[in-house]
Each structure stands twice: as C-alpha cells, then as structure tokens.
Amino acid sequence: SRMATVYNWVDADWITPAPEQNNGRPTRLLYAGNLGYTQGFGTLIDALRLVRSPVEVELVGEGNAAGEVRRLAAGLDNVRVRPPVARAEFPSLLASADAHLVLQRRAAAGANFPSKIASYLASGRPIIASMSDDVPATETLRESRAALVVPPESPRELAEAIELLHRDPDLRDALGRRGRIFSHQRFEREAALARLECELLGGEAPA
C-alpha cells in the first residue's frame, strides 16, 4: 500500500510520428539502445536468416556486447550496426524506421523495464518484442495493443512477426497509432511528473 509506480516518461512533443516512407524499399527495422548480452542479439540474427521478405535492420547503440553484435551481423548484408546518434537526431532516427525492436533474453526477464519502449510508442511506429510473457514490460506492451510479442530466444517466431509486419502495412499503421495514443495516456512527461509530485508531496493524483 506504500508503493506506487511512476513510469519513465517521454517528451511526446519532441518525439512525434512521421509518415511512413516505405515507397517499395525493404521494410526497415530499428533497435536503438544498449547493445548488451541481456538482449540476445543472436536470436535476431538467426531470425533474419529465416526471413525471406526484403527487410533491413539497423542496430544503433553501444554496450558490453557491441563487438559480438558486429561479429554476428558481419555475414548479413541487410544489417547495419552503428554508434548512438546525437540527442538532436534521435527523433528522426525513430521516424526513419517502419518498426522498432525490443529484445530480451529469457535469463534477463524482469531485470529492467526497457526505457526505449516509451520512445518507441511515442514515435507512432509498431513494435516487435522478443520477451518473456510474464514481465511488466510485456504486460505494458500488450495493454498498449501496439506490439507483436513473441517468446524470447525463438528465432522462428520472431521471423514470423517480422514477415507479418512486412506484408501488412495496414497493421503497421494501426499498431503505430495505438502506440502513440497509449504513450500519451501512460508515458507523457507532464502527466508522469505530476503523478510523481503527487506521490512524493501528497495530494490528488492526476486522472
């Protein structure tokens, strides 16, 4: 009864949706964040070897597994690994993708709530999440109705989710719009700060 949850917030005026720029090119998937061993990038690489549709993946970040990620991606022409972008470039990076990736190994289930989820949702792009089913982040993504969630360390099911989003632009659009709406309801900065202030100082919680 003494505990309250205030989610990590996002500036939805800074990260905003942009029209999808597919125009016949491969479907573009983006992972932006920590390149760590808890993510299990091997699952993603194995999944991409099963995908037959034209897709390209950009992995943007640094971390303790960055070298291993580059080694895994070296044999695939449709995967690019690069360092984090400057903060000012982050909204346009998110807008450049057709869908965003969240990856988490089974052993890391529940270890954290990936902060990238809030930014992904605000960008109005669909999410493909490879995560355990019983962790708070997965529960939030299911509630948002903005994500395709598959079991962790399952390349086949991850590949199927990628293929599905590639084939169905209407689904991509619907998931992205739901995510943007949900980001305002759950992660919008001013509402989260007001809720935090209420919990710390007392008073009536915002609706």
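Definitions and limits used
Residues numbered from 1 in each chain as written. Predicted model: local features only at pLDDT ≥ 70, side-chain atom pairs only at ≥ 80, totals over all residues. Heavy atoms only, no water. Helix = DSSP H or I, 4+ residues; strand = E, 2+ residues; numbered from the N terminus. Rg over C-alpha atoms; globule rule 2.2 N^0.38 Å. Buried < 20%, exposed > 50% of the residue type's maximum accessible area, 1.4 Å probe, protein only. Contact = heavy atoms within 4.5 Å. Areas by Shrake-Rupley, 256 points an atom, 1.4 Å probe, with all protein chains shown as cover. Lys, Arg positive; Asp, Glu negative; His and termini not counted. Charge placed at Lys NZ, Arg CZ, Asp CG, Glu CD. Phe/Tyr/Trp six-rings, centres within 6.5 Å; stacked < 30°, edge-to-face > 60°. Lys NZ or Arg CZ within 6 Å of the ring centre and 35° of its normal. Pairing = 2+ DSSP bridges. Right-handed = clockwise from strand over helix to strand, strands pointing away.

Asker: Is there a simple way to think about the overall build of the protein chain in this case?
Answerer: Across its full length, the protein chain carries eight helices and six strands. Listing each helix as α and each strand as β along the protein chain from the N terminus yields β-α-β-α-β-α-β-α-β-α-β-α-α-α. The C-alpha atoms of the protein chain give a radius of gyration of 17 Å, which matches the 17 Å a tight globule of 207 residues would have. Looking at the 207 residues of the protein chain, the share that counts as buried comes to 47%. Across the protein chain, every contact between residues at least 6 apart in sequence was considered, and the portion connecting residues at least 24 apart equals 70%. Surface exposure of the protein chain reaches about 10400 Å², of which carbon and sulfur atoms provide 49%. Charge centroids of the protein chain, computed over 25 positive and 27 negative side chains, lie 3 Å from each other.

Asker: Looking at this model, I keep getting lost on the packing of aromatic side chains. Mind explaining?
Answerer: To describe a pair of aromatic rings, you give the distance between the ring centres and the angle between the ring planes. Evaluated as defined, the whole model comprises six aromatic pairs. These aromatic residues form a ring-pair network of at least three members: Tyr7, Phe113, Phe182 and Phe187. One residue, arginine 87, lies across the ring of tryptophan 14, its end atom 4.0 Å from the ring centre.

Asker: Mind showing me how you'd approach the pairing of strand E2 (residues 55-60) here?
Answerer: Here E2 lies mainly inside the structure; five of its six residues are buried. Where strand E1 (residues 27-32) and E2 come together, six bridges link them in parallel fashion. Bridging across to E2, arginine 28 finds its partner in glutamate 56. The parallel pair E1 and E2, bridged by helix H1 (residues 41-50), forms a crossover whose chirality is right-handed. Where E2 meets strand E3 (residues 79-82), four bridges bridge the pair, whose relative direction is parallel. Pairing of valine 60 across the sheet is with arginine 82, part of E3. Each parallel crossover has a hand, and for E2 linked through helix H2 (residues 66-73) to E3 it is right-handed.

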